Amino acid sequence: MRTTVGIIGAGPAGLLLARLLHGAGIDSVVLESRDRAYVERRQRAGILEQGTVDVLRAAGAGERMDREGLRHDGIELRFARRRHRVDFPALTGGRSVMVYAQTEVCKDLIALQLADGGPLLFETEALAVEGAGGDRPRVRFRHGGAGGSEDVLECDYVAGCDGFRGVARRAVPDGRTFERTYPFGWLGILADAAPSHDELVYARHDRGFALLSMRSPSVSRLYLQVPADTDAGDWSDEEIWDELERRFETDDDWTLRRGPITQKSVTPMRSHVHEPMRHGRLFLAGDAAHIVPPTGAKGLNLAVGDVVTLARALVHRVATGSEELLDAYSATCLRRVWQAERFSYDLTTLLHRAPDATPFDDRLQVARLDRIASSRAAETDLAEAYTGFPIG
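Residues numbered from 1 in each chain as written. Predicted model: local features only at pLDDT ≥ 70, side-chain atom pairs only at ≥ 80, totals over all residues. Heavy atoms only, no water.

Asks: Is there a simple way to think about the pairing of strand 5 (residues 74–79) in this case?
Replies: A regular strand places its side chains on the two faces of the sheet in alternate fashion. When you tally the buried positions in strand 5, you get six out of six residues, the bulk of the element. Of the two faces of strand 5, the one holding G74, E76 and R78 and the one holding I75, L77 and F79 are both buried throughout. In textbook terms, the turn of a hairpin is the stretch between consecutive antiparallel strands, and for strand 5 and strand 6 (residues 82–87) this stretch comprises two residues, one of which, A80, has a positive phi near 50°. In this structure, strand 5 lies alongside strand 14 (residues 200–204), joined through five bridges in parallel fashion. If you follow E76 over to strand 14, its bridge partner there is V201. (Buried < 20%, exposed > 50% of the residue type's maximum accessible area, 1.4 Å probe, protein only. Helix = DSSP H or I, 4+ residues; strand = E, 2+ residues; numbered from the N terminus. Pairing = 2+ DSSP bridges.)

Asks: What exactly am I supposed to notice about the domain arrangement of the protein chain here?
Replies: Think of interface size as the accessible area that goes away when the parts come together; that is how it is often given. Partitioning the protein chain into structural domains gives domain 1 (2–72 + 100–179 + 270–347) and domain 2 (180–267 + 353–387). Once you take the C-alpha centre of each, domain 1 and domain 2 turn out to be 30 Å apart. Contacts between the two partners involve 23 residues from domain 1, matched on the other side by 20 residues from domain 2. Taken together, the two surfaces of domain 1 and domain 2 that pack against each other cover about 1,800 Å², and 60% of this comes from carbon and sulfur. Looking at the side of domain 1 facing domain 2, the largest losses of area belong to Q43, H72 and F343, adding up to 26% of the total buried there. For the pair domain 1 and domain 2, the number of links is zero salt bridges. Put simply, domain 1 and domain 2 have eight residue pairs in polar contact (both at pLDDT 80 or more) between them. (Domains from an automatic or database assignment. Contact = heavy atoms within 4.5 Å. Buried area = accessible area lost by both parts, 1.4 Å probe. Salt bridge = Lys/Arg side-chain N within 4 Å of Asp/Glu carboxyl O. Polar contact = N/O pair within 3.5 Å; in protein donor to acceptor, adjacent residues only side chain to side chain.)

Asks: Mind showing me how you'd approach the sheet that holds strand 16 (residues 219–227) here?
Replies: Sheets are built from strands that pair by backbone hydrogen bonding, the pairs being arranged parallel or antiparallel. Spatially, eight strands are ordered 6-5-14-15-16-13-17-20 in an open sheet, and the strand pairing comes out mixed. Looking at strand neighbours, the two that pair on one side only are strand 6 and strand 20 (290–291), the edges of this open sheet. By the bridge criterion, eight bridges tie strand 13 (residues 176–191) to strand 16 in an arrangement that is antiparallel. Bridge assignment links F184 to a residue of strand 16, and that residue is P227. Where helix 12 (residues 359–374) meets the sheet, it contacts strand 5, strand 6 and strand 14, and its direction lies at approximately 145° from that of strand 5. Those strands touched by helix 13 (residues 376–387) are strand 5, strand 6 and strand 14, and its axis lies near 60° from that of strand 6. (Axes fitted to C-alpha atoms, helices over the stretch in contact; angles between N-to-C directions.)

Structure follows, in structure tokens:
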């Protein structure tokens, strides 16, 4: 089997890259180890930056997003029983975000790819990337599980969109990693309850962080900061709702809507960057190259930035014969990645209480939040970062 661009992984990064290349007349093959049903129900991010929304619309994948997604023009910061709304459009020249789950983005892109794109092969596991340092890289893969047959995909270029544990990252020799592991995680729930607020609420509390989010007008997504080794099964539904109420408490009459919890899990918190994001004709994108704590809602959006940059570089190579943009791919992406890492770290340390936090640390957190609430400059910096850094 042969193609111009071999794409490993059918998450949002790999699927969007295939869509962008298809629109430019560049052929590709997407290899995905899981089946379609798994990919389409894999719960991940749900906040799309303005730039991501614009890219999906331009790629023809925005119709259902615009119909069913929830545009948000701000977030609420909650601390010391007070509430402060950050107005995105007023601070950023009209930018906003969209609440639209990664599962839905993948469903839309899969449907488009199967309708008019190149091959999308589910249950096809990439085993190794070979020859990336030369001009004929190849991906060895196996179709149909452990007992399936092996084959080779020959490519001009390989895009590794297969996540942190995928084979692509391991094929980059002499790479350097930068990472931080946080001593807490998020206990997350999905609940059949209408959201208790019409925008996301980020709450700093002496008992720990809490986040109020949503997946639809009838489904709430909520999170509690918990110790990193927490087992979600140790928390009863009632205990979760009671703790959420404590951490979202205010001095007004706001109330938390409860409902049946349909899903419960613990998400670890870590930061990770792999440099460089390229080796020869192999390019890393998304979680294969970087991971951010979910506080800043940057993971999916960084992946989109990566593949937009890569697609632009590949189109430039085909059109002009120049590899200038391909050569700049890693440095171009990493500038945006590190800004997102910085913002995610700042927001995480602003809102989460460390296990060894002192009263001095607590007062500093409140002072930092007071600064955002009282300074347009500080508030603008948060709004600009949250709605998205420029792509490319």
